[in-house]
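Commentary on secondary and tertiary structure
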Amino acid sequence: MTATTAAETTAKKRSFTAAASNYIDERTSISGVVKEFGRKIFPDHWSFLLGEIALYSFIVILITGTFLTFFFQASQAEVIYHGSWVPLKGIQMSAAMNSTLNISFDIRGGLLVRQIHHWAALLFVASIGLHMLRIFFTGAFRKPRELNWVIGFTLFVLAMAEGFTGYSLPDDLLSGNGLRIIDGLIKGIPVVGTWISFLLFGGEFPGTAIVGRLYTLHILLLPALVVAFIALHLVFVVVHKHTQYAGPGRTQQNVSGFPILPVYAAKAGGFFFIVFGVVALMASLFTINPIWLYGPYDPSPVSAGTQPDWYIGFADGMLRLIPPHWEFVWLDRTWSWNIIVPVLILVVFLVVVAIYPFVEAWVTGDKREHHILDRPRNQATRTAIGAAGVTFYGTMWAAASSDLIATHFKLTMEGVIHTLQFTLILGPIVAYFITKRICIALQKKDRSVALHGYESGRIVKLPGGEFIEVHEQLDEYERWRLVSYDTYQPLMLRPNSRGKITFVNRLRAGMSRWLFEDRLEPITKGEIESGHGHH
Amino acid sequence: MRETKQKNARKRKAGRRHPLATVALIVIGLGLTGGAYATFNATGSSADATTSSASDVTAGKQLFQANCASCHGIEAQGTDAAPSLIGVGAAAVDFQVGTGRMPMAMSGPQAEQKPAQFSQKETDQLAAYVASLGPGPSIPLRDVTDGNGDAAKGAELFRVNCAMCHNVAGAGGALTEGKYAPPLTGVTGKHIYEAMVTGPQNMPVFNDRNITPEGKRDIITYLQFIQANPSPGGFELGSLGPVAEGLFIWIFGLGSIVALTVWITAKSN
């Protein structure tokens, strides 16, 4: 009897689920979508979750940001502070600063939410950066994913813009100083700079308009763009299918991993809460942007140790690295090369990052699709270029904290700046050659391991008295990982259809030779077989 | 009666025309200016605590000649290695010796703080000796260093006058050529006051017309407030601002999340 009842209940339950699914499906035709997406395969590797960190921190930012908009007043109307923080009582400040202080001290949970918002913002940009490095060093930007690289790059720039506009909203001393630098940068643009600055600030800096304008950008235009580009980015991920690392059974035509439903969805959903949890933990334990110490913005003071948030640091550092006095008057106008040159360097650097996939595709002439990722060592030149770029960026970044480096390592500020100026130019070159050599050495090691096996540490004495160390062979799966990759050969300089060798052809061949002259060819099957015979 | 009045008037007239009248006027004028200057400056001396005896001065002189004279000269007149101490006042000695900056451990961009070499009594004796050489700022009274002023005013004064070198939270900052503004955490109110009136190392002097004694008291109040009340937001990461925050998010924030990604994608055994 009981058995029948139980069976009846399950039947009832199943029929309810079935009925509900059926109800929804008949009205939305969602089963097609579930079938398509639920079976979508994602390969499992920790480095494939870096973009997800960015996505989830963005969601955290949206949630906490919405809370903050309930209480923030984007106004520079002057008020007297009467809140709870004693060292600011009775001080005149803008309504923006006043409301941010109220969020911090007088609204329940406000400080926690503010700190979650700010920490999540730092994490958002940091995870985008790390994600980009992963994409770069594994060659995941190659055809067909070049456009998605550009979309991702745009998101990186948008994230920096979101961060900077948010940093400027509280109208505290730090954010005002940051805006003053932006104002100086804009005014340094020849001819039009002053006009643009007055347009942006609604008159002479700081004016009373900028906080309201940045607020509109920060909560309306920029988030809308970020959401749109994230959507586009993800659509492309689905369209292209996910890349995967080389391994047995993994080809350019398949993707091996877990389906979204149920495994991957569960993992990704859980990962959202992990990211949120880590950010909330940081926000509850560590102060970020203590505006109550900085006080309201006043154009006269600048605190020691005034820096932008980390992602603008490279721009600040570039300004610090430019030697002084690069300025003269010509045609009745001041030409501030100490502003124009760093801005140009930054723009060129960012443009090179954005178009790198196209440059590499043009030099290699490679029109094939690539779904198997490179091991960084197997593309020694690309990895070396990446290392040079990281060194260049890192030097600019370090320069933004030149004063803190000087005090904390007991150095002179001039010494730090001069060292970094040299590093900015020589560092990338040194990093390029060292990285390239290390990569080629690692390739040689892989090659020797694939051919001769690895050293087992077991010494055997032969009957003739000779000692040898026994080499253990890799198994087939391991060896496949080591030997399955492509290299490029330098392009031959050939005349075009009209029998001419153009400058562009020469440039391309020259770059190709520079990029691929030093290389190791992957091991052929024949070599492996003869290698086996060796021992 | 009438005659006397006239006589008196004549006398007065004669007095005005007296050959010494100009001299007397100059004397009166100088006396008034000097007196007014002294009175205005007296706002500083109202904060003086020193009552030094002749024996203190003698003891201080002996200590000075044994420990300081090799650089500052046998009569504190200064040498190529170190400045004259005539007129620096007791406050300068109390600050420099009391915080261990003097005697210097070695020459360098600036004298560094270290455990004080002399007891407070010996420091007082040295201060009494140096104060006896010429007038200068004296050791402040407790009522301006007790930290019972207005923290909000002090914070504003601090941001405008001090934060560009010492950082808004008093965490210190870099100056040129290896010099630096030291962190202000743990510095006593007396030493902060003395530093403001004497301008040690690279610090400018903030005299009483620049920042009034009440203003200085407010600054000390603010610094004591932020030290006594830890940040409402949690650990301060050295109060170093965005650099510390950026390093923290990359190393600990992103680092821990990447470690978690490795964990959730690890193959189960």
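Residues numbered from 1 in each chain as written. Chains lettered and ligands numbered in written order. Predicted model: local features only at pLDDT ≥ 70, side-chain atom pairs only at ≥ 80, totals over all residues.

Some remarks on the overall build of chain A
The helix and strand inventory of chain A stands at 19 helices and 10 strands. Counting across all 535 residues of chain A, residues that qualify as buried make up 37%. Looking at chain A alone, contacts between residues at least 24 apart form 72% of all its contacts between residues at least 6 apart. (Helix = DSSP H or I, 4+ residues; strand = E, 2+ residues; numbered from the N terminus. Buried ≥ 20, exposed ≤ 12 C-beta atoms within 10 Å, placed from the backbone. Contact = placed C-beta atoms within 7 Å.)

Some details on the interface of chain B and chain A
Tallying the contact residues gives 50 residues for chain B and 57 residues for chain A. Broken down by secondary-structure element, the contributors of at least two residues to the side of chain B that touches chain A are α8 (151-161), α9 (163-166), β1 (173-174), β2 (180-181), α11 (213-228) and α12 (242-265) of chain B. Among the elements that make up the side of chain B that touches chain A, the one with the highest residue count is α12 of chain B (17 residues). Among the residues forming the side of chain B that touches chain A, the class breakdown is 30 nonpolar, 15 polar and five charged. (Nonpolar A, V, L, I, M, F, W, Y, C, P; charged D, E, K, R; others polar.)

Quick word on the pairing of strand β6 (residues 327-330) of chain A
On a regular strand, one side chain projects to one face of the sheet and the next to the other, so that they alternate. Residues and elements named next belong to chain A. With four bridges joining them, β6 and strand β7 (residues 333-336) adopt antiparallel strand pairing. For W330, the partnering residue across the bridge sits in β7 and is R333. Here β6 folds back onto β7, and the loop between the two strands holds two residues, one of which, L331, carries a positive phi near 55 degrees. (Pairing = 2+ DSSP bridges.)

Looking at the pairing of strand β9 (residues 454-461) of chain A
Residue and element names in this part refer to chain A. Where burial is concerned, little of β9 is hidden: zero out of the eight residues are buried. Judged from the six bridges that link them, β9 and strand β10 (residues 467-472) form a sheet pairing that is antiparallel. Looking at β10, one finds that R458 is bridged to V470. Between β9 and β10, which follow one another and run antiparallel, lie five residues, and G465 among them has a positive phi close to 100 degrees.

Describing the domain arrangement of chain B
Residue and element names in this part refer to chain B. Split by domain assignment, chain B resolves into domain 1 (54-133) and domain 2 (142-228). Taken over C-alpha atoms, the centre of domain 1 sits 22 Å from the centre of domain 2. Listed as interface residues are 13 residues of domain 1 and, on the opposing side, 12 residues of domain 2. Class assignment for the residues of the side of domain 1 that touches domain 2 results in six nonpolar, six polar and one charged. (Domains from an automatic or database assignment.)

Examining the packing of helix α4 (residues 95-105) of chain A against helix α5 (residues 110-137) of chain A
All names here are of chain A. For the pair α4 and α5, interaxial distance at closest approach is 5 Å and the crossing angle is 110 degrees. What the angle tells us is that α4 and α5 run roughly perpendicular. Contacts from I103, S104 and F105 in α4 reach G110, L111 and R114 in α5. (Axes fitted to C-alpha atoms, helices over the stretch in contact; angles between N-to-C directions. Parallel < 35°, antiparallel > 145°, perpendicular 65-115°, else oblique.)

Brief notes about the environment of A121 of chain A
Residue and element names in this part refer to chain A. Positionally, A121 belongs in helix α5. On a C-alpha basis, the gap between A121 and W195 in space is 32 Å, while along the polypeptide they are 74 residues apart. Leave out the neighbours within four places in its chain, and A121 touches I61, G163 and G166.

Focus on the domain arrangement of chain A
Residue and element names in this part refer to chain A. Taken domain by domain, chain A comprises domain 1 (45-310) and domain 2 (375-535). If you average the C-alpha positions of domain 1 and of domain 2, the two centres end up 35 Å apart. Contacts between domain 1 and domain 2 engage 10 residues on the former and 14 residues on the latter. By residue class, the composition of the side of domain 1 that touches domain 2 is five nonpolar, five polar and no charged.

Digging into the environment of W149 of chain A
Residue and element names in this part refer to chain A. Tracing the sequence through the fold places W149 in helix α6 (residues 146-168). Separated by 14 residues in sequence, W149 and I135 have C-alpha atoms that sit 8.3 Å apart. Residues in contact with W149, not counting those within four places in the same chain, are I135, F141 and P357.

Observations concerning the nonpolar core
Within soluble globular proteins, side chains that are nonpolar generally end up buried alongside one another. Formed by 155 residues in total, the largest nonpolar core has its most connected members in W119, A120, L123, F124 and V279 of chain A together with V130 of chain B. The biggest single contributor to this core is α5 of chain A, with 15 residues. Look past the residues within four positions of V279 of chain A in its chain and what remains in contact with it is S57, V60, I116, W119, A120 and L123 of chain A. (Core = buried A, V, L, I, M, F, W, Y, C linked by C-beta atoms within 7 Å.)

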